[in-house]
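# Inside the fold
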Amino acid sequence: MGRLDGKVAFITGAARGQGRSHAIRLAQEGAGIIAIDACEDQPNVPYPGATEADLAETVRQVEALDRRIVAKKADVRDFGALKAAVDEGVAELGRLDIVSANAGISGTPHAAEDFGDEEWNDMLDVNLSGVWRTAKAAIPHLRAGGRGGAIVLTSSAAGLQAYANVAHYVSAKHGVVGLMRTLALELAPDMIRVNSIHPTQVDTDMIQNEAIYHLFRPDLEHPTRDDFAPASQSMNALPIPWVEPVDISNALLFLASDEARYITGVALPVDAGAVIK
C-alpha cells in the first residue's frame, strides 16, 4: 500500500529537477501523474530550459514504476494551455487530488534599481502569476471531486527572507506565501488544504549555472561548482552546500498525504536552517 494509492497529482515544471523528482516520488507512493513543462528556453534566464526529451524521460521513469502519467507541453504563463492540459489529464486519469505548483525560474542578478521591466515582469509572470494560474486551472477539479485535496506551492527560503540582488525573485516568492494563505482560507470549506514549501539551494540547473556562481563568487572570473559550494554552504546552518531534489519531494509527499490532513496555511522550510541563520 502506498501513501497516495488511487490519487492523481498535477505537477508543473515536471521535465527535470524538482518537478521530475516530485513526479517520481509521488508515483512511488501510488499516485497517477499529470505533468506539464514549457520545454523551452525562457527569456532572461541564464541557463537552458528543459526540453521535450527531458519531459519524455520523466514519463519513462514514472511508467517504469507501473504508474500512469499524462504529460503535456504547456507554459504556466498560458492559462489556456495550462487548463487544457489539466482537463485532459483529469479526463484520462479520472480525478485530481494533489497539485504541485513547482514551475519556476531564476534570473541574472542585479541591484533592484537596475532591473528592466521585461526581466521583472517575466519573473513575476512565471514564479507568482504562474502559480496562481496553476491553482486556478486545478481548483474546479478538486472541488468537483468532493474529496478535498492538497495544493502545495513551491516558494523558497527567499519567500521568507530577503537576499540582495534578486529583488524580482524575492518579491515573487514572498507573493507565493500571500497567495498560499489566501487560498488556504478560501478552500478550507471544501477540505482542500494549501501549503507552501521553502527550499534553500537545491542541486538543480537553477543554481548550477554560471550566473549564480558569479553571484556568490564575484571575485573569480570563471567560478566553478566547486568554487560555489563553500559560498552556498555559508547560507545554511547545517554544514551542507545544498539539498537534493528528493528532500523537497519528501516534504511535498508529507503535505499531500493523509498524514498532514489537518495542516493548512503553513509555510514549511526545507532549508538546512537557512532562514534562522
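Everything discussed here concerns the structure shown above.
Below or above, wherever it landed, is the structure these notes cover. Computed from a predicted model, the values in this text were never measured in an experiment.

## Notes on the pattern of salt bridges
For the structure shown, the criterion picks out 15 salt bridges. Each member of the salt-bridge network shares a partner with another, and the members are Arg95, Asp97 and Arg147.

## Some words on the pairing of strand β2 (residues 32–37)
With six of its six residues buried, β2 lies for the most part within the structure. The alternating pattern of β2 places Gly32, Ile34 and Ile36 on one face and Ile33, Ala35 and Asp37 on the opposite face, and all of these are buried. In the sheet, strand β1 (residues 8–12) pairs with β2 via five bridges, with the strands oriented parallel. Within the sheet, the bridge partner assigned to Phe10 lies in β2 and is Ile34. Of the crossover connections in this fold, the one passing from β1 over helix α1 (residues 17–28) to the parallel β2 is right-handed. Where β2 meets strand β3 (residues 69–73), five bridges bridge the pair, whose relative direction is parallel. Bridged to Asp37 within β3 is Lys73. Traced from β2 through helix α2 (residues 52–63) to β3, the parallel crossover comes out right-handed.

## Looking at the packing of helix α3 (residues 79–93) against helix α4 (residues 117–145)
Where α3 contacts α4, the two axes come as close as 9 Å, and the packing angle between them is 35 degrees. The interaxial crossing formed by α3 with α4 has right-handed handedness. Where α3 approaches α4, its residues Phe79, Leu82, Lys83, Val86, Asp87 and Val90 are matched on the opposing element by Arg133, Thr134, Lys136, Ala137, Ala138 and His141.

## Considerations on empty space enclosed by the protein
Scanning the entire structure with this criterion turns up one cavity of 30 Å³ or more. Approximately 40 Å³ is the volume attributed to the largest cavity. Lining the largest cavity, in full, are Pro43, Asn44, Ile105, Ser106, Gly107, Thr108, Glu119, Asp122, Met123 and His168. For the lining of the largest cavity, the element with the most residues is α4, which contributes three residues.

## As for the layout of surface pockets
When its volume is computed, the largest pocket comes out at roughly 990 Å³. In terms of lining residues, the largest pocket is bounded by 50 residues, among which Tyr47, Ile105, Ser106, Tyr169 and Met206 are the most central. Those elements giving two or more residues to the lining of the largest pocket turn out to be α1, β2, α5 (167–187) and α6 (210–216). Classifying every residue of the lining of the largest pocket gives 26 nonpolar, 18 polar and six charged. Roughly 220 Å³ of internal volume is contained in the second largest pocket. Together, 13 residues line the second largest pocket, and Lys7, Arg147, Gly148, Gly149 and Asp258 are the ones closest to its centre. For the lining of the second largest pocket, the per-class residue count stands at four nonpolar, two polar and seven charged.

## A word on unusual backbone geometry
Here the phi dihedral of Met191 falls at roughly 55 degrees; this positive angle occurs in a residue that is not glycine. Take Met191: it is sitting in the loop between α5 and β6 (192–199). At Ala272, a position not held by glycine, the phi torsion is positive, near 55 degrees. Counting through the fold element by element, Ala272 comes out in the segment after β7 (267–270). Ala272 sits in the buried class, given a relative accessible area of 10%.

Conventions we followed
Residues numbered from 1 in each chain as written. Predicted model: local features only at pLDDT ≥ 70, side-chain atom pairs only at ≥ 80, totals over all residues. Heavy atoms only, no water. Salt bridge = Lys/Arg side-chain N within 4 Å of Asp/Glu carboxyl O. Buried < 20%, exposed > 50% of the residue type's maximum accessible area, 1.4 Å probe, protein only. Helix = DSSP H or I, 4+ residues; strand = E, 2+ residues; numbered from the N terminus. Pairing = 2+ DSSP bridges. Right-handed = clockwise from strand over helix to strand, strands pointing away. Axes fitted to C-alpha atoms, helices over the stretch in contact; angles between N-to-C directions. Left-handed = near helix turned anticlockwise from the far one by under 90°. Contact = heavy atoms within 4.5 Å. 1 Å grid on protein atoms, 1.4 Å probe; cavity = no way out; pocket = protein on both sides within 12 Å on 5 of 7 lines; lining within 4 Å. Points joined across faces, edges and corners; volume = space filled by probe spheres on them. Nonpolar A, V, L, I, M, F, W, Y, C, P; charged D, E, K, R; others polar.

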